[in-house]
Amino acid sequence: MDAIVNGPILADDGFVEGRAVLFDSGRITAVTSGTDPRVKGARRHDLKGAMLVPGFVDAQVNGGGGVLFNESPTVDAIRAIGRAHRRFGTTGFLPTLISDDLSVIAKALQAVRDAIAARVPGVIGVHIEGPFISAERKGAHDPAKFRDLDERGIQLLTSLGVGRTLVTLAPEETTPEVIRRLNASGLVVSAGHTNATFDQMRDALGAGVRGVTHLFNAMSPLTHREPGVVGAALHDPECWCGLIVDGRHVHPAVLQLALRCKRPDRFMLVTDAMPNVGADQTSFLLQGRRIEVRDGVCVDENGTLAGSALDMATAVRNCVDRLGLPLEQAARLASTYPAQFLGMGSELGHIAPGFRASFVALDERVRVLDTWIDGERAS
(Lines give C-alpha, C1' and ligand atoms only; values in the text may rest on other atoms or scores of the structure.)
Protein backbone atom coordinates (compact mmCIF):
# COMPACT_ATOMS: atom_id res chain seq x y z
CA MET A 1 0.00 0.00 0.00
CA ASP A 2 1.23 3.50 -0.90
CA ALA A 3 0.08 6.84 0.46
CA ILE A 4 0.51 10.34 -0.99
CA VAL A 5 0.35 12.92 1.79
CA ASN A 6 0.94 16.53 2.81
CA GLY A 7 -0.56 18.57 -0.03
CA PRO A 8 -3.88 19.79 -1.45
CA ILE A 9 -5.61 17.17 -3.60
CA LEU A 10 -7.95 17.88 -6.50
CA ALA A 11 -10.91 15.71 -5.55
CA ASP A 12 -14.31 15.70 -7.23
CA ASP A 13 -15.47 18.56 -5.00
CA GLY A 14 -12.38 20.71 -5.57
CA PHE A 15 -9.03 21.04 -3.82
CA VAL A 16 -9.09 19.55 -0.33
CA GLU A 17 -6.53 19.73 2.46
CA GLY A 18 -5.56 17.25 5.12
CA ARG A 19 -6.26 14.19 2.98
CA ALA A 20 -4.15 11.26 1.89
CA VAL A 21 -4.49 9.18 -1.27
CA LEU A 22 -4.06 5.45 -0.73
CA PHE A 23 -3.37 3.17 -3.68
CA ASP A 24 -2.40 -0.41 -4.26
CA SER A 25 -1.81 -2.54 -7.37
CA GLY A 26 -2.26 0.49 -9.61
CA ARG A 27 -5.67 1.53 -8.25
CA ILE A 28 -6.79 4.13 -5.74
CA THR A 29 -8.23 2.44 -2.67
CA ALA A 30 -9.16 5.50 -0.60
CA VAL A 31 -8.99 9.27 -0.29
CA THR A 32 -8.98 9.58 3.46
CA SER A 33 -7.91 11.67 6.42
CA GLY A 34 -4.19 12.12 6.81
CA THR A 35 -4.59 10.65 10.30
CA ASP A 36 -6.13 7.41 9.01
CA PRO A 37 -4.21 4.50 10.63
CA ARG A 38 -3.71 2.95 7.19
CA VAL A 39 -1.52 5.90 6.20
CA LYS A 40 0.97 5.17 8.96
CA GLY A 41 1.63 1.66 7.68
CA ALA A 42 1.87 2.62 4.01
CA ARG A 43 4.88 3.64 1.94
CA ARG A 44 4.57 7.41 2.09
CA HIS A 45 5.16 9.94 -0.69
CA ASP A 46 5.41 13.43 0.81
CA LEU A 47 4.12 16.20 -1.46
CA LYS A 48 5.70 18.86 0.80
CA GLY A 49 2.82 21.20 0.03
CA ALA A 50 2.65 20.55 -3.72
CA MET A 51 -0.74 20.08 -5.38
CA LEU A 52 -1.87 16.66 -6.54
CA VAL A 53 -4.11 16.53 -9.64
CA PRO A 54 -5.23 13.70 -11.91
CA GLY A 55 -2.66 12.71 -14.51
CA PHE A 56 -3.01 14.58 -17.78
CA VAL A 57 -4.57 12.81 -20.75
CA ASP A 58 -3.52 13.97 -24.24
CA ALA A 59 -5.52 12.71 -27.21
CA GLN A 60 -3.21 14.23 -29.83
CA VAL A 61 0.52 13.53 -29.54
CA ASN A 62 2.33 13.39 -32.87
CA GLY A 63 5.74 13.08 -31.31
CA GLY A 64 8.15 14.03 -28.56
CA GLY A 65 11.66 13.38 -27.35
CA GLY A 66 13.03 13.77 -30.87
CA VAL A 67 10.67 11.13 -32.30
CA LEU A 68 7.78 11.54 -34.77
CA PHE A 69 5.29 8.69 -34.83
CA ASN A 70 4.81 8.90 -38.62
CA GLU A 71 8.53 8.49 -39.18
CA SER A 72 8.90 5.67 -36.67
CA PRO A 73 5.66 3.74 -35.98
CA THR A 74 7.28 1.38 -33.46
CA VAL A 75 7.00 0.38 -29.82
CA ASP A 76 10.33 2.04 -29.06
CA ALA A 77 9.07 5.29 -30.57
CA ILE A 78 5.89 5.16 -28.48
CA ARG A 79 7.98 4.56 -25.36
CA ALA A 80 10.23 7.53 -26.17
CA ILE A 81 7.27 9.81 -26.88
CA GLY A 82 5.56 8.81 -23.65
CA ARG A 83 8.74 9.34 -21.64
CA ALA A 84 9.19 12.83 -23.10
CA HIS A 85 5.64 13.92 -22.32
CA ARG A 86 5.57 12.38 -18.85
CA ARG A 87 8.01 15.11 -17.79
CA PHE A 88 5.17 17.54 -18.42
CA GLY A 89 2.49 15.62 -16.56
CA THR A 90 1.00 13.49 -19.33
CA THR A 91 0.22 10.06 -17.90
CA GLY A 92 -2.15 8.89 -20.64
CA PHE A 93 -1.76 9.60 -24.35
CA LEU A 94 -2.71 8.60 -27.86
CA PRO A 95 0.24 8.38 -30.28
CA THR A 96 -1.09 10.28 -33.27
CA LEU A 97 -0.51 9.45 -36.91
CA ILE A 98 -0.88 12.28 -39.42
CA SER A 99 -2.33 11.43 -42.86
CA ASP A 100 -0.32 8.58 -44.35
CA ASP A 101 -0.60 5.44 -46.46
CA LEU A 102 -2.71 2.55 -45.22
CA SER A 103 0.44 0.46 -44.87
CA VAL A 104 1.84 2.99 -42.40
CA ILE A 105 -1.46 3.10 -40.52
CA ALA A 106 -1.30 -0.70 -40.22
CA LYS A 107 2.24 -0.47 -38.78
CA ALA A 108 1.11 2.20 -36.33
CA LEU A 109 -1.81 0.11 -35.13
CA GLN A 110 0.43 -2.92 -34.63
CA ALA A 111 2.94 -0.80 -32.71
CA VAL A 112 0.23 0.49 -30.38
CA ARG A 113 -1.16 -3.02 -29.95
CA ASP A 114 2.30 -4.28 -29.00
CA ALA A 115 3.01 -1.28 -26.76
CA ILE A 116 -0.16 -1.84 -24.74
CA ALA A 117 0.67 -5.56 -24.45
CA ALA A 118 4.17 -4.62 -23.27
CA ARG A 119 2.66 -2.21 -20.71
CA VAL A 120 4.52 0.80 -22.07
CA PRO A 121 3.67 3.53 -19.53
CA GLY A 122 0.92 5.92 -20.55
CA VAL A 123 -0.18 4.59 -23.94
CA ILE A 124 -3.98 4.14 -23.96
CA GLY A 125 -4.73 3.82 -27.68
CA VAL A 126 -4.10 5.56 -30.98
CA HIS A 127 -5.28 8.62 -32.89
CA ILE A 128 -5.50 8.30 -36.68
CA GLU A 129 -5.72 11.90 -37.93
CA GLY A 130 -6.48 11.58 -41.64
CA PRO A 131 -6.05 10.65 -44.43
CA PHE A 132 -9.84 10.86 -44.81
CA ILE A 133 -9.87 14.65 -44.69
CA SER A 134 -10.42 17.73 -46.85
CA ALA A 135 -7.79 19.06 -49.23
CA GLU A 136 -9.29 22.52 -48.67
CA ARG A 137 -8.45 22.35 -44.97
CA LYS A 138 -5.31 20.24 -45.18
CA GLY A 139 -3.09 22.34 -42.92
CA ALA A 140 0.36 20.71 -43.04
CA HIS A 141 -0.99 17.29 -44.09
CA ASP A 142 0.25 15.93 -47.41
CA PRO A 143 -2.70 15.86 -49.86
CA ALA A 144 -0.97 13.09 -51.82
CA LYS A 145 -1.85 10.82 -48.90
CA PHE A 146 -5.59 11.65 -48.89
CA ARG A 147 -8.06 8.93 -49.88
CA ASP A 148 -11.69 7.94 -49.62
CA LEU A 149 -12.77 5.95 -46.60
CA ASP A 150 -13.60 2.66 -48.32
CA GLU A 151 -14.18 -0.85 -46.97
CA ARG A 152 -10.46 -1.53 -46.68
CA GLY A 153 -9.98 1.62 -44.65
CA ILE A 154 -12.93 0.84 -42.39
CA GLN A 155 -11.62 -2.65 -41.68
CA LEU A 156 -8.21 -1.24 -40.81
CA LEU A 157 -9.50 1.53 -38.54
CA THR A 158 -11.62 -0.91 -36.55
CA SER A 159 -8.86 -3.50 -36.10
CA LEU A 160 -6.87 -2.29 -33.07
CA GLY A 161 -8.68 -4.54 -30.59
CA VAL A 162 -7.25 -2.91 -27.44
CA GLY A 163 -7.31 0.56 -25.93
CA ARG A 164 -9.06 3.43 -27.67
CA THR A 165 -9.03 4.36 -31.35
CA LEU A 166 -9.73 8.00 -32.16
CA VAL A 167 -10.25 8.84 -35.83
CA THR A 168 -10.24 12.36 -37.22
CA LEU A 169 -12.07 12.68 -40.54
CA ALA A 170 -13.87 15.26 -42.64
CA PRO A 171 -17.62 14.51 -42.54
CA GLU A 172 -18.16 15.84 -46.07
CA GLU A 173 -15.62 13.31 -47.37
CA THR A 174 -17.64 10.33 -46.13
CA THR A 175 -21.28 9.54 -45.30
CA PRO A 176 -23.40 9.48 -42.13
CA GLU A 177 -23.79 5.73 -42.67
CA VAL A 178 -20.02 5.18 -42.50
CA ILE A 179 -19.81 7.38 -39.39
CA ARG A 180 -22.54 5.30 -37.74
CA ARG A 181 -20.64 2.15 -38.58
CA LEU A 182 -17.40 3.45 -37.08
CA ASN A 183 -19.23 4.62 -33.99
CA ALA A 184 -20.99 1.26 -33.61
CA SER A 185 -17.58 -0.45 -33.81
CA GLY A 186 -16.43 1.42 -30.71
CA LEU A 187 -14.30 4.07 -32.39
CA VAL A 188 -14.30 7.65 -31.17
CA VAL A 189 -14.96 9.77 -34.26
CA SER A 190 -13.89 13.41 -34.42
CA ALA A 191 -14.31 15.98 -37.19
CA GLY A 192 -11.18 17.82 -38.25
CA HIS A 193 -9.39 19.19 -41.30
CA THR A 194 -12.88 19.67 -42.66
CA ASN A 195 -14.67 22.21 -44.83
CA ALA A 196 -18.13 20.90 -43.95
CA THR A 197 -21.11 23.22 -43.82
CA PHE A 198 -23.08 23.76 -40.63
CA ASP A 199 -25.78 21.35 -41.85
CA GLN A 200 -23.25 18.69 -42.86
CA MET A 201 -21.62 18.92 -39.44
CA ARG A 202 -24.96 18.69 -37.66
CA ASP A 203 -25.77 15.55 -39.65
CA ALA A 204 -22.37 14.11 -38.72
CA LEU A 205 -22.93 14.83 -35.04
CA GLY A 206 -26.27 13.08 -35.28
CA ALA A 207 -24.56 10.09 -36.89
CA GLY A 208 -22.02 9.70 -34.10
CA VAL A 209 -19.23 12.25 -34.46
CA ARG A 210 -18.29 12.95 -30.85
CA GLY A 211 -16.26 16.12 -31.16
CA VAL A 212 -13.91 18.28 -33.19
CA THR A 213 -10.14 18.12 -33.48
CA HIS A 214 -8.39 21.39 -32.52
CA LEU A 215 -11.38 23.75 -32.61
CA PHE A 216 -10.97 26.72 -35.01
CA ASN A 217 -7.88 25.27 -36.72
CA ALA A 218 -8.22 23.59 -40.14
CA MET A 219 -12.03 23.78 -40.29
CA SER A 220 -14.73 25.95 -41.84
CA PRO A 221 -15.09 29.06 -39.68
CA LEU A 222 -18.06 30.66 -37.97
CA THR A 223 -19.55 33.40 -40.12
CA HIS A 224 -22.87 35.19 -39.81
CA ARG A 225 -24.55 33.42 -42.77
CA GLU A 226 -22.75 30.06 -42.73
CA PRO A 227 -21.81 28.99 -39.18
CA GLY A 228 -19.59 26.18 -40.50
CA VAL A 229 -17.98 23.47 -38.38
CA VAL A 230 -17.00 25.95 -35.66
CA GLY A 231 -20.58 27.15 -35.34
CA ALA A 232 -21.98 23.62 -35.26
CA ALA A 233 -19.46 22.52 -32.63
CA LEU A 234 -20.26 25.43 -30.34
CA HIS A 235 -24.01 25.23 -30.99
CA ASP A 236 -24.32 21.54 -30.11
CA PRO A 237 -24.29 21.17 -26.30
CA GLU A 238 -22.80 17.66 -26.45
CA CYS A 239 -20.01 18.19 -29.00
CA TRP A 240 -16.54 17.94 -27.46
CA CYS A 241 -13.99 20.54 -28.52
CA GLY A 242 -10.23 20.04 -28.44
CA LEU A 243 -8.26 23.22 -27.75
CA ILE A 244 -4.62 24.05 -28.46
CA VAL A 245 -3.85 26.75 -25.89
CA ASP A 246 -0.42 27.97 -26.95
CA GLY A 247 -1.32 31.58 -27.75
CA ARG A 248 -0.52 31.02 -31.43
CA HIS A 249 -3.04 28.54 -32.83
CA VAL A 250 -6.02 30.52 -31.48
CA HIS A 251 -6.16 34.00 -29.95
CA PRO A 252 -6.86 33.83 -26.20
CA ALA A 253 -9.91 36.11 -26.55
CA VAL A 254 -11.45 33.69 -29.06
CA LEU A 255 -10.86 30.79 -26.68
CA GLN A 256 -12.50 32.76 -23.88
CA LEU A 257 -15.53 33.38 -26.10
CA ALA A 258 -15.74 29.69 -26.98
CA LEU A 259 -15.64 28.67 -23.32
CA ARG A 260 -18.66 30.87 -22.66
CA CYS A 261 -20.72 29.07 -25.31
CA LYS A 262 -21.29 25.79 -23.50
CA ARG A 263 -20.59 23.91 -20.30
CA PRO A 264 -16.91 23.48 -19.44
CA ASP A 265 -16.90 19.68 -19.50
CA ARG A 266 -17.25 19.66 -23.28
CA PHE A 267 -13.83 21.18 -23.82
CA MET A 268 -10.45 19.50 -23.45
CA LEU A 269 -6.82 20.41 -23.94
CA VAL A 270 -4.66 18.77 -26.59
CA THR A 271 -1.06 19.56 -27.43
CA ASP A 272 -0.78 18.41 -31.07
CA ALA A 273 2.86 18.05 -30.03
CA MET A 274 5.72 17.42 -32.42
CA PRO A 275 9.16 15.76 -31.85
CA ASN A 276 10.73 18.94 -30.45
CA VAL A 277 8.70 18.66 -27.23
CA GLY A 278 11.07 17.25 -24.64
CA ALA A 279 14.00 17.55 -27.04
CA ASP A 280 16.47 20.25 -28.02
CA GLN A 281 15.43 20.47 -31.68
CA THR A 282 14.99 23.43 -33.96
CA SER A 283 13.78 21.39 -36.95
CA PHE A 284 12.60 17.92 -37.94
CA LEU A 285 11.36 16.05 -40.99
CA LEU A 286 7.70 15.33 -41.66
CA GLN A 287 7.24 13.01 -44.64
CA GLY A 288 10.32 14.44 -46.30
CA ARG A 289 9.49 18.09 -45.58
CA ARG A 290 11.56 20.23 -43.26
CA ILE A 291 9.55 21.66 -40.33
CA GLU A 292 11.17 24.55 -38.48
CA VAL A 293 10.56 25.47 -34.85
CA ARG A 294 10.49 29.28 -34.72
CA ASP A 295 9.60 31.28 -31.62
CA GLY A 296 7.89 28.27 -30.11
CA VAL A 297 5.86 27.44 -33.23
CA CYS A 298 6.28 24.61 -35.75
CA VAL A 299 5.89 25.74 -39.36
CA ASP A 300 6.51 24.25 -42.79
CA GLU A 301 8.25 25.90 -45.74
CA ASN A 302 5.10 27.93 -46.48
CA GLY A 303 4.71 29.19 -42.93
CA THR A 304 1.77 26.85 -42.28
CA LEU A 305 1.41 25.63 -38.71
CA ALA A 306 2.53 22.00 -38.46
CA GLY A 307 1.54 20.69 -35.07
CA SER A 308 2.84 22.50 -32.01
CA ALA A 309 5.74 22.92 -29.64
CA LEU A 310 3.33 22.71 -26.69
CA ASP A 311 3.45 20.41 -23.68
CA MET A 312 0.44 19.77 -21.45
CA ALA A 313 1.77 21.48 -18.33
CA THR A 314 2.32 24.65 -20.36
CA ALA A 315 -1.20 24.34 -21.81
CA VAL A 316 -2.62 24.16 -18.28
CA ARG A 317 -0.51 27.11 -17.18
CA ASN A 318 -1.65 29.11 -20.22
CA CYS A 319 -5.28 28.45 -19.31
CA VAL A 320 -4.62 30.03 -15.93
CA ASP A 321 -2.38 32.88 -17.04
CA ARG A 322 -3.88 33.78 -20.42
CA LEU A 323 -7.52 32.70 -20.17
CA GLY A 324 -8.05 33.51 -16.51
CA LEU A 325 -9.31 30.04 -15.59
CA PRO A 326 -8.99 28.68 -12.07
CA LEU A 327 -6.40 25.94 -11.77
CA GLU A 328 -9.09 23.44 -10.85
CA GLN A 329 -10.85 23.93 -14.20
CA ALA A 330 -7.60 24.04 -16.16
CA ALA A 331 -6.46 20.75 -14.62
CA ARG A 332 -9.77 19.09 -15.45
CA LEU A 333 -9.48 20.31 -19.05
CA ALA A 334 -6.23 18.33 -19.19
CA SER A 335 -7.41 15.21 -17.36
CA THR A 336 -11.05 14.59 -16.45
CA TYR A 337 -12.64 15.85 -19.65
CA PRO A 338 -10.34 14.20 -22.22
CA ALA A 339 -10.71 10.92 -20.33
CA GLN A 340 -14.48 11.26 -20.60
CA PHE A 341 -14.23 12.13 -24.29
CA LEU A 342 -12.33 8.91 -24.90
CA GLY A 343 -14.87 6.85 -22.97
CA MET A 344 -12.41 6.30 -20.13
CA GLY A 345 -14.12 8.49 -17.57
CA SER A 346 -14.52 5.59 -15.15
CA GLU A 347 -10.78 4.80 -15.31
CA LEU A 348 -8.87 8.07 -15.56
CA GLY A 349 -9.24 11.73 -14.69
CA HIS A 350 -10.37 11.52 -11.06
CA ILE A 351 -8.65 11.09 -7.73
CA ALA A 352 -11.23 8.79 -6.18
CA PRO A 353 -11.47 5.14 -5.09
CA GLY A 354 -11.48 2.65 -7.95
CA PHE A 355 -9.72 4.90 -10.44
CA ARG A 356 -6.28 4.22 -11.86
CA ALA A 357 -3.52 5.66 -9.70
CA SER A 358 -2.21 8.17 -12.23
CA PHE A 359 -1.33 11.56 -10.75
CA VAL A 360 0.71 14.72 -11.24
CA ALA A 361 2.28 16.79 -8.48
CA LEU A 362 2.44 20.51 -9.35
CA ASP A 363 4.01 23.51 -7.70
CA GLU A 364 2.32 26.91 -7.43
CA ARG A 365 3.62 27.88 -10.90
CA VAL A 366 2.09 24.75 -12.47
CA ARG A 367 5.44 23.07 -12.96
CA VAL A 368 5.53 19.29 -12.79
CA LEU A 369 7.36 17.94 -9.76
CA ASP A 370 6.41 14.27 -9.91
CA THR A 371 4.17 11.79 -11.71
CA TRP A 372 2.65 8.39 -11.12
CA ILE A 373 1.23 6.12 -13.84
CA ASP A 374 -0.90 3.24 -12.60
CA GLY A 375 0.79 3.53 -9.22
CA GLU A 376 4.35 3.59 -10.57
CA ARG A 377 6.29 6.72 -9.68
CA ALA A 378 8.57 8.32 -12.26
CA SER A 379 12.12 7.11 -11.78
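Since the model is a prediction, treat every value here as computed from it, not as a measurement.

(A) Geometry of helix H6 (residues 198-207). Among the residues of H6, those classed as buried are Phe198, Met201, Ala204, Leu205 and Ala207. Those residues of H6 hidden inside the fold are in contact with helix H5 (176-184), strand S14 (188-191), strand S15 (211-212) and helix H7 (228-235).

(B) Representation of the pairing of strand S4 (residues 19-24) within the structure. Bridge analysis of strand S1 (residues 2-5) against S4 gives three bridges, and the strand direction is antiparallel. Each bridged residue has a counterpart across the sheet, and for Asp2 the counterpart in S4 is Phe23. As defined by bridge partners, S4 adjoins strand S5 (residues 27-33) across six bridges and the pair is classed as antiparallel. By the bridge assignment for S5, Leu22 is matched with Ala30. Connecting S4 to the next strand, S5, in antiparallel fashion are two residues, including Ser25 with a positive phi near 55°.

(C) How the structure looks around the sheet that holds strand S17 (residues 267-269). Strand order in the open sheet formed by eight strands is S8-S11-S12-S13-S14-S15-S16-S17, with parallel pairing between adjacent strands. Looking along the sheet, the strands with just one partner apiece sit at the ends: strand S8 (56-61) and S17. Note: strand S11 (residues 90-98) against strand S12 (residues 125-129), three bridges, orientation parallel. Note that in S12 the partner of Ile98 across the bridge is Glu129. Packed onto the sheet, helix H2 (residues 75-86) meets S8 and S11 and runs at close to 130° relative to S11.

(D) Examining the side chain of Thr96 more closely. Within the element layout of this structure, Thr96 appears in strand S11. The class for Thr96 is buried, based on a relative accessible area of 0%. If we ignore the near neighbours within four places in the chain, the residues touching Thr96 are Ala59, Gln60, Val61, Asn62, Phe69, Asn70, His127 and Glu129.

Rules used in this analysis
Residues numbered from 1 in each chain as written. Predicted model: local features only at pLDDT ≥ 70, side-chain atom pairs only at ≥ 80, totals over all residues. Heavy atoms only, no water. Buried < 20%, exposed > 50% of the residue type's maximum accessible area, 1.4 Å probe, protein only. Helix = DSSP H or I, 4+ residues; strand = E, 2+ residues; numbered from the N terminus. Contact = heavy atoms within 4.5 Å. Pairing = 2+ DSSP bridges. Axes fitted to C-alpha atoms, helices over the stretch in contact; angles between N-to-C directions.

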